[in-house]
Structure formats: C-alpha cells, structure tokens
Amino acid sequence: MQRTNFGQMACSIARTLDVIGEPWSPLILRDVWVGMSRFDQLQADLGISRKVLTERLNHLVDQGVLERHPYDQRPRYEYHLTAKGAELVDLLLVMTRWGDKWLAGEAGPPVLYRHHACGEISHVDLRCAHCGQPMHAGDVDPLPGPGAAA
C-alpha cells in the first residue's frame, strides 16, 4: 500500500506528519531519547517486526531526525537523535501532557518528568516565545505566512 506524501503540502502539520505520522515513529524516537540506541533494544521494547523497524529507522535517518553510528565490525549501528530529532522529542512531551491529562485514568501518568533546572517534577507548558504568556489554540489567530499556498 502506497503511503500518502504529506511533505509537499503547504502546511507545517502535514509536513511534520510526513516525518513522524506513522504510529511507530514517535515510539522509536521516545526509546532513542531515553537511551535505547541499538536495533535489538528497540525491537525488544516495542515488539515491532524487524522489517517495520528497519523501514522506520531508515526513514527517520533519511529525514535527518536520527543518525547512525557503527558499533561493531558487522554492519551494526546505534541510533542517536540529531538536533532536528531532539526538537521532535519536545513535541512528544506536549503529546505526553495531553495523554496524561485525558488518558492516564485513575492510575495516573505512567512516567514523571523531573526538570533539570529546578529539580521539580513538572510537565510541558506552551508559552509564547515573544511575551512568555500561555499560548494555546484559543489564544492565537492563524494568518497566512510567507510559505502559504497561493
């Protein structure tokens, strides 16, 4: 089945989905972020088929989100986040906050996050880069940008 290419759409959400919109990709990024860098580690943690994991890793490397580093004489690699990939993890933290709020249930969040700067357990809070005020969907007006479709 041919996958729809969202990368050419004049929409940053569609373009981002073209990179990580397939369900395994965010989970692979999460695992690499927490330190699982080898194929066998990723496959064991996710329970994903070797074929699908290979395809996803190749795609994420091709997109510049992960990079491969050889670690053995045989062609074996560790995977590491690039700067582009690390920024995608920021997006995953926003998704985590939503999931913790709406889907965690009575048990509560499955993972807590300690902020390095203050040492406190916290969560991501969206703020305006200009004024520092909270920034949510109801606080903004979408306007055409320089890359908007004609």
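Residues numbered from 1 in each chain as written. Predicted model: local features only at pLDDT ≥ 70, side-chain atom pairs only at ≥ 80, totals over all residues. Heavy atoms only, no water.

Trainee: How should the pattern of salt bridges be read in this particular structure?
Mentor: Between side chains of opposite charge, a pair can form when the charged atoms approach closely. In total, this model carries nine salt bridges according to the counting rule given. With its nearest N and O atoms 3.5 Å apart, the salt bridge here joins Asp 125 to Arg 97. Pair noted here: Asp 125 is in the segment after strand E4 (121-122) and Arg 97 is in helix H5 (residues 83-103), with a separation of 28 residues, a long-range link. A relative accessible area of 35% means that Asp 125 is categorised as partly exposed. Connected through salt bridges with shared partners, the residues Arg 30, Asp 31 and Asp 45 form a single ionic network. (Salt bridge = Lys/Arg side-chain N within 4 Å of Asp/Glu carboxyl O. Helix = DSSP H or I, 4+ residues; strand = E, 2+ residues; numbered from the N terminus. Buried < 20%, exposed > 50% of the residue type's maximum accessible area, 1.4 Å probe, protein only.)

Trainee: Hey, could you run me through the packing of helix H2 (residues 24-33) against helix H4 (residues 50-62) in this one?
Mentor: The description of two helices packed together rests on the angle between their axes and the distance between the axes. Closest axis-to-axis distance for the H2/H4 pair is 10 Å, and the angle between their directions is 75°. In terms of axis orientation, H2 runs roughly perpendicular to H4. Taken together, the residues of H4 that come into contact with H2 (itself represented by Trp 24, Ser 25, Ile 28 and Leu 29) are Val 52, Leu 53, Arg 56, Leu 57 and Leu 60. Residue composition of the contact of H2 with H4, by class: seven nonpolar, one polar and one charged. (Axes fitted to C-alpha atoms, helices over the stretch in contact; angles between N-to-C directions. Parallel < 35°, antiparallel > 145°, perpendicular 65-115°, else oblique. Contact = heavy atoms within 4.5 Å. Nonpolar A, V, L, I, M, F, W, Y, C, P; charged D, E, K, R; others polar.)

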